[in-house]
Amino acid sequence: MTTHRTAGEEGPRPLLNRRLAEFGTTIFAEMSALALRTGSINLGQGFPDTDGPEEITEAAVRALRDGRGNQYPPGPGVPELRIAIAEHQRRFHGLAYDPDTEVLVTAGATEAIAAALLALVEPGDEVIALEPYYDSYAASIAMAGGVRVPVTLRPHELAFRLDLDELRAAVTDRTRLLLINTPHNPTGTVLTRAELAAIAELAVERDLLVVTDEVYEHLAFDGEHVPLASFPGMRGRTVTISSAGKTFSFTGWKVGWVTASPELISTVRSAKQFLTYVSAGPFQYAVAEALRLPDAYFDGLRDDLRAKRDLLSDGLSAAGFAVHRPAGTYFVTTDIRPLGEEDGFAFCRALPERCGVVAIPNAVFYDHRDEGAPFVRFAFCKRVDVLDEAVARLKSLAP
């Protein structure tokens, strides 16, 4: 295969679009392959090792057998799911959305993020994102031609905190959008009402759009999750994103959604329709039923994962890590410096051979790699017996 040379350039033009040149194979693929090769317990990638509720699995089977969703579903999503999403937003957050004009179903939250940024960001626009950030944020901003402006969450008293003055100082005349994630992956931070109110005031004052990733909305263990769209002046400028994967443990179904004003939904849909067009037809009907599960399900999920958080956090502390116990999500960030280590990449690549456990170096989620160098993330969305065995293996690291 030949490549073409651009005028004024030496050598062949690379095949890969320059906007994506900095993004190679993800660390998740590398570490998961390492887990398989070494037979290690994979606490790196964030997926549960058990499926969600059996009745929701059966709902998907019924939809398949009844021929619901086996052909292209409607572009915005099947009406049953859009209605259920609107009901969910009202039930849990007191937010009213029209299922016909203010709800859009996507191929997971990752597509929703990509579609929102591709639709709303033009080349040269600045996008402020909380660092460390989910890796698809950087790639989506790059594909849109935007300029990534990280605002770093920094450790304070074994938690990660947002510096609101730093956030305000990051806004320029070129800022188009704030990309907010709470509960926050990978740090486990849950932004407080006061922090969210300050973000809302800044967005209104500077006339900024906001995209909020709220996929861990039901996994706030300490404090409460409050949607940014609920604050004054935010309803018409906020694109709220969530999904079924984290809440119902069906990550492979890839059913996500966007709620926003009709104007914003129409804008995001303009990009989304040329990405997947539609997806997950039968699963959409099943997720509609899942969103209507009783409160006991959501409470039980949160309580179960809180207990697993504590199990793994206590085990990591006993192994010698400094543990930043998360207020939300299903990840715990640790500091490896008490173990005499400083390089998270080297530590994670050696960990499977040392004790048969896989983790993720947080530095991959940073533009400022030095800020994230000593931090390592572990996932606790696993069976208790798996976590017990991981803790037993990690004890060998204790000084």
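Rules of the game
Residues numbered from 1 in each chain as written. Predicted model: local features only at pLDDT ≥ 70, side-chain atom pairs only at ≥ 80, totals over all residues. Heavy atoms only, no water. Pairing = 2+ DSSP bridges. Helix = DSSP H or I, 4+ residues; strand = E, 2+ residues; numbered from the N terminus. Axes fitted to C-alpha atoms, helices over the stretch in contact; angles between N-to-C directions. Salt bridge = Lys/Arg side-chain N within 4 Å of Asp/Glu carboxyl O. Buried < 20%, exposed > 50% of the residue type's maximum accessible area, 1.4 Å probe, protein only. UniProt positions renumbered as here; feature names shortened; annotations may be inferred. Polar contact = N/O pair within 3.5 Å; in protein donor to acceptor, adjacent residues only side chain to side chain. Phe/Tyr/Trp six-rings, centres within 6.5 Å; stacked < 30°, edge-to-face > 60°. Parallel < 35°, antiparallel > 145°, perpendicular 65-115°, else oblique. Left-handed = near helix turned anticlockwise from the far one by under 90°. Contact = heavy atoms within 4.5 Å. Core = buried A, V, L, I, M, F, W, Y, C linked by side-chain atoms within 4.5 Å. Expected span 1.5 Å × (residues − 1). Arc of directions from axis to C-beta.

### Things to note about the sheet that holds strand 7 (residues 175-181)
- Read from one edge to the other, the open sheet built from seven strands follows the order 2-10-9-8-7-3-4, with strand pairing classed as mixed. Whereas interior strands pair on both sides, the edge strands pair on one side only; in this sheet they are strand 2 (103-106) and strand 4 (147-152). This sheet shows a mean twist of 20 degrees between the axes of neighbouring strands, independent of strand direction.
- Where strand 8 (residues 209-213) meets strand 9 (residues 238-243), four bridges bridge the pair, whose relative direction is parallel. Bridge pairing links Val210 to Thr238 in strand 9.

### Let's talk about the pattern of salt bridges
- Considering all chains together, one arrives at 29 salt bridges under this definition.
- Linking Arg349 and Glu30 is a salt bridge whose minimum nitrogen-to-oxygen distance equals 2.7 Å. Remark: Glu30 occurs in helix 1 (residues 27-38) and Arg349 occurs in helix 12 (residues 344-355); sequence separation between them is 319 residues.
- Judged by relative accessible area, Arg349 falls into the partly exposed class, the value being 41%.
- For Glu30, a relative accessible area of 31% translates into the label partly exposed.
- Among the salt bridges present, the one from Arg62 reaches Glu289, with a minimum N-O distance of 2.5 Å.

### Brief notes about the UniProt feature "domain: Aminotransferase class I/classII large" (unreviewed entry) in the protein chain
- UniProt's entry tags residues 41-394 with the feature "domain: Aminotransferase class I/classII large" (unreviewed entry), counted in the numbering of this structure.
- Helix makes up 42% of residues 41-394 and strand 18%, whereas the separation of the span's terminal C-alpha atoms amounts to 11 Å.

### With respect to the environment of Asp98
- Summarising the element assignment, Asp98 is placed in the loop between helix 3 (79-93) and strand 2.
- For Asp98, a relative accessible area of 33% puts it in the partly exposed group.
- The sequence separation of Asp98 and Glu87 amounts to eleven residues, and the corresponding C-alpha distance is 9.6 Å.
- A polar contact is formed between the side chain of Asp98 and the backbone nitrogen of Asp100, at a distance of 2.8 Å.

### Thoughts on the packing of aromatic side chains
- Inspection of the entire model under this criterion finds 16 aromatic pairs.
- Taking the centre distance of 6.2 Å and the plane angle of 80 degrees together, the rings of Tyr216 and Phe331 count as edge-to-face. Note that Tyr216 is positioned in the loop between strand 8 and strand 9 and Phe331 in strand 12 (residues 331-335), a separation of 115 residues in sequence.
- Assessed through its relative accessible area of 4%, Tyr216 is described here as buried.

### Observations regarding the packing of helix 4 (residues 108-120) against helix 5 (residues 135-144)
- Here helix 4 crosses helix 5 at 30 degrees, and the two axes come no closer than 8 Å. Looking at the two axes, helix 4 sits roughly parallel to helix 5. Pair helix 4 / helix 5 crosses with right-handed handedness. Touching Thr110, Ile113, Ala114, Leu117 and Leu118 of helix 4 are Ser136, Tyr137, Ser140, Ile141, Met143 and Ala144, all from helix 5.

### Looking at the sheet that holds strand 12
- Read across the open sheet, the four strands follow the order 11-12-15-14; overall the sheet is antiparallel. Among the strands making up the open sheet, the edge pair consists of strand 11 (322-324) and strand 14 (360-361).
- Two strands pair when backbone bridges link them, and strand 11 and strand 12 are joined in this way by three bridges, in the antiparallel orientation. When the sheet's bridge partners are listed, Val323 is paired in strand 12 with Thr334.
- Packing against the sheet, helix 11 (residues 295-318) makes contact with strand 11, strand 12 and strand 15 (375-379), and its axis sits at approximately 15 degrees to strand 12.

### A closer look at the nonpolar core
- Membership of the largest hydrophobic core comes to 103 residues, with the highest contact counts inside it found for Val239, Phe321, Phe378 and Leu394.
- Among the elements that line this core, the one with the most residues is helix 4, at seven residues.
- Other than its neighbours up to four places away in sequence, Phe378 contacts Leu43, Leu312, Leu316, Phe321, Tyr330, Phe331, Val332, Thr334, Leu351, Val357, Ala359 and Leu394.
- Ranked by size, the runner-up nonpolar core spans 26 residues in total, among them Leu130, Val149, Leu196 and Phe231.

### Some thoughts on helix 1
- A rise of 1.5 Å per residue sets the reference length of helix 1, with its twelve residues, at 16 Å; its end C-alpha atoms lie 16 Å apart and thus fit the reference within 8%.
- Residues of helix 1 that are buried: Ile27, Phe28, Met31, Ser32, Leu34 and Ala35. Buried residues of helix 1 fall within an arc of 155 degrees about the axis and therefore sit on the same side. Exposed side chains of helix 1 directed beyond 90 degrees from the buried face belong to Leu36 and Arg37.
- Looking at the packing, one finds that the buried side of helix 1 touches strand 1 (41-42), helix 5, helix 12, strand 13 (357-358), strand 14 and strand 15.
- Looking one or two places after helix 1, you find Gly39, whose phi comes out positive at around 70 degrees.

### Structural notes on the pairing of strand 9
- Taking burial as the measure, the six residues of strand 9 include six buried ones, the bulk of the element.
- Summarising the sheet, strand 9 and strand 10 (residues 256-259) pair through four bridges and their orientation is antiparallel. By the bridge assignment, Thr240 is partnered in strand 10 with Thr259.

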